[in-house]
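Spelled out from the first residue to the last, the chains are:
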Amino acid sequence: MKKSNNLLYLLVSIMPPFIFMFYFYGRNSGYLNYWHVLIAAMVFALGGAVLYWIVARLGKSPQAAALTGIVLWILFFTVMPVYTILLPKIISLNRLFRLSIIAVPVILLLFITFYFGYRLKKKEFYEIIAVFESVIFLLNFIPATFSMVTSKTINYFDPDFANNFIVDVNSPSPNIYWFFMDGMLGFKAMEEIFGDPQLKFELKLTERGFLVNRDAQFEIGHMTMRSIPALMSPHYYDATMMPLLAIADLQNYESLLNSLNGLDTVTARLNNELIFAFNAKGYQTNTIALNFGRYFYPITTHFYFAEQELKSRSPDAFESGLKFMQIEDLFELVSKTAIPSVLINQYIYPILLKSARNQLELTKIPMHSIDRYLIYGNAYPRGAVRDDTWHIDALAEIFSQPEPHITIIHDLKAHVPFILKEDGISYTDRTEKEVNNPYNYPPQHRFTREVIVHIVDLIIENDPGAIIVIQADHGLHNELTRAQMLADGGTADTVRLMQNNTMSAVRIPEKWGGLEAPLDPLNITRVLVNRYVGPNYELLETHP
């Protein structure tokens, strides 16, 4: 009987990691690996079991060890956000005092918990906890497992996606550059919400041959990993995304996000129809990415990231890289929600990074003699431009490629957190609230748009006939930003405009057919493929 009782106490002590980890998976399944999450939960639980045994032996109370374990796990996954909230208020204190403000109450709470657990001997109390934990676990585990089982992520090239294209060999083949502006707000929202005139910026673009879409807006739950297939995989959008959006309650924020959580965005991004279509036409395809695979995968002819080009194109290297990115995403998630972020970021992650890179053939991009001060101003070389000045070197490599070629450039400068001044220099003392306050966004936008104009000039100088797309995936979508806008009196319609109105402008020179009217963001890929690959898509008249 005593052995079964101890098993009960051990069980309630180690269940919380499984609850928290599968809760995280359910909210981030678009880029996490189910098995990585399960293994991480098991490792945490094993550590919890060792701690339970130590506390039970030293304290001579399995009940106290069980209750202490539960509270410790809750703190493990929640103290970091509390610390982040308190940090702005205690920023003037030195590091030891800042940590003490959290550590002392935590130790005191654990001591009190142990004391009550030591006195609370009734088995029925722990049976109730076990039932409660089991219910919460199943509510998270069952949907996560169902999502994993029904997912198509193992089949990288899914036949349900458009990957066989009509190719018109007589169609023109211009070079194309697509600026994927992550989190850059559109013209309408900048003027209506922030009173920030966009006429000068618009004039600079029109002078360079762009047609601007001031009202560009689309709904896909304002998340990058869903926006990429919406913008670049029309068949997937029409067949899979549109039906979900058609029945979703677009006015109910939580309901909308929940209705989209089950989308298989990994397979959707691996089957990027824009890339596949131009591959079919015989284009050199390029990605200038932020990292290896979280948003764009190395399915293009050339893949550049972190000042390097990926040379190894073997399936084994690709799969290893994909697994590494999923592990990296998991560690990033845990480090932001749990106590041991320093341990993860400074010790465990570098080991994984070294291991992954040993499996990839990476070549450093040579530095080209292009005036970065002209493009980035005083922000170069101070690091305020989000470490993307190497994009210039990647572009220089692309200019020398055989034609035709199409290039996706993922740019993060406009994205939250809002830390850039108008000249691109970073604020170093902003609080968590300040870096998420939407009213601190306009200077960052103004800096980003000036850099865009300079890079556009660089492209036109080297490739005068280039087609250029400047398109954002979403507006200001951070949850804290949304809450701040509502707290400042913004309506639900204002928030939706802030989240969904996107920067959107397209340059198609007359020699390639020109444009008579601005393109809807969800029609850009359709128009490019239909004109320069072959007739493959119907244009959208309306969409959510």
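Right above here is the structure, for reference.
Residues numbered from 1 in each chain as written. Predicted model: local features only at pLDDT ≥ 70, side-chain atom pairs only at ≥ 80, totals over all residues. Heavy atoms only, no water.

1. Brief notes about helix 8 (residues 224-232)
Moving on, step 1. Helix 8 sits mainly inside the fold: 9 of its 9 residues count as buried.
Moving on, step 2. Here helix 8 has its buried residues at T224, M225, R226, S227, I228, P229, A230, L231 and M232. (Buried < 20%, exposed > 50% of the residue type's maximum accessible area, 1.4 Å probe, protein only. Helix = DSSP H or I, 4+ residues; strand = E, 2+ residues; numbered from the N terminus.)

2. A word on the pattern of salt bridges
Moving on, step 1. Applying the stated criterion to the full structure yields 16 salt bridges.
Moving on, step 2. A salt bridge links D196 to R449; the nearest nitrogen and oxygen atoms lie 3.7 Å apart. In this pair, D196 is assigned in the loop between helix 6 (187-194) and helix 7 (199-207) and R449 in helix 18 (residues 442-462), connecting sequence segments 253 residues apart. Grouping residues by exposure puts D196 and R449 together as buried.
Moving on, step 3. Between D411 and K413 there is a salt bridge, with its nearest N and O atoms 2.5 Å apart.
Moving on, step 4. Residue class for D411 comes out buried when judged on its relative accessible area of 4%. (Salt bridge = Lys/Arg side-chain N within 4 Å of Asp/Glu carboxyl O.)

3. Here we look at the nonpolar core
The tendency in soluble globular proteins is for nonpolar side chains to be buried as a group.
Moving on, step 1. Ranked by size, the top nonpolar core spans 53 residues in total, and within it F179, L205, Y441, I455, I468, I470 and M503 carry the most contacts.
Moving on, step 2. It is helix 18 that contributes the most residues to this core, 9 residues altogether.
Moving on, step 3. Once residues within four sequence positions are removed from consideration, M503 is found in contact with M184, L185, G186, F187, F201, L205, I470, Q471 and A472.
Moving on, step 4. Grouped together as the second largest cluster of nonpolar side chains are 50 residues, I220, Y236, M242 and V533 included. (Core = buried A, V, L, I, M, F, W, Y, C linked by side-chain atoms within 4.5 Å. Contact = heavy atoms within 4.5 Å.)

4. Things to note about unusual backbone geometry
Moving on, step 1. Omega for the bond connecting E403 with P404 falls within 30 degrees of zero, at 0 degrees, which places this linkage in the cis form.
Moving on, step 2. In this fold, P404 is placed in the loop between helix 16 (390-399) and strand 7 (405-411).
Moving on, step 3. The step from V416 to P417 runs through a cis peptide bond, and the omega angle for that step is 10 degrees.
Moving on, step 4. On the secondary structure map, P417 appears in the loop between strand 7 and helix 17 (432-436).
Moving on, step 5. Not every positive phi belongs to a glycine, and H222 is a case in point at roughly 35 degrees.

5. Describing the packing of aromatic side chains
Moving on, step 1. Per the stated rule, a full pass over the model turns up 21 aromatic pairs.
Moving on, step 2. Relative to W35, the ring of Y34 has its centre 5.0 Å away and its plane inclined at 85 degrees; by these criteria the two rings are edge-to-face.
Moving on, step 3. Taken together, the aromatic side chains of F18, F22, Y25, Y34, W35, F137 and F141 make up a single cluster linked through ring pairs.
Moving on, step 4. A cation sits over an aromatic face here: K421 above Y427, 5.0 Å from the ring centre. (Phe/Tyr/Trp six-rings, centres within 6.5 Å; stacked < 30°, edge-to-face > 60°. Lys NZ or Arg CZ within 6 Å of the ring centre and 35° of its normal.)

6. Some details on the packing of helix 12 (residues 273-280) against helix 21 (residues 524-532)
Moving on, step 1. As a packed pair, helix 12 and helix 21 sit with axes 10 Å apart at the nearest point and diverge in direction by 10 degrees. What the angle tells us is that helix 12 and helix 21 run roughly parallel. Every residue of helix 21 that contacts helix 12 at L274, A277 and F278 is listed here: T525, L528, V529 and Y532. (Axes fitted to C-alpha atoms, helices over the stretch in contact; angles between N-to-C directions. Parallel < 35°, antiparallel > 145°, perpendicular 65-115°, else oblique.)

7. Comments concerning the pairing of strand 4 (residues 302-305)
Every other side chain in a regular strand lies on the same face of the sheet, so the side chains alternate between the two faces.
Moving on, step 1. Burial along strand 4 is two-sided: the face carrying H302 and Y304 and the face carrying F303 and F305 are both buried.
Moving on, step 2. Relative to strand 4, strand 3 (residues 284-289) runs parallel, the two being bridged by 4 bridges. In the sheet register, N286 faces strand 4, and the bridge partner there is H302.
Moving on, step 3. Two elements, strand 4 and strand 5 (residues 308-310), share 2 bridges in a ladder whose sense is antiparallel. What sits directly across from Y304, in strand 5, is E309. (Pairing = 2+ DSSP bridges.)

8. Brief notes about a nonpolar patch on the surface
Moving on, step 1. Among the surface-exposed residues, L46, V50, W53, I54 and L58 lie close enough to one another that they form a single nonpolar patch of about 550 Å² accessible area.
Moving on, step 2. Relative to the elements of secondary structure, W53 occurs in helix 2 (residues 34-59).
Moving on, step 3. Given the relative accessible area of 52%, W53 is considered exposed. (Patch = residues over 30% accessible without salt bridge, like charges linked within 9 Å, V, L, I, M, F, W, Y side chains within 5 Å. Areas by Shrake-Rupley, 256 points an atom, 1.4 Å probe, with all protein chains shown as cover.)

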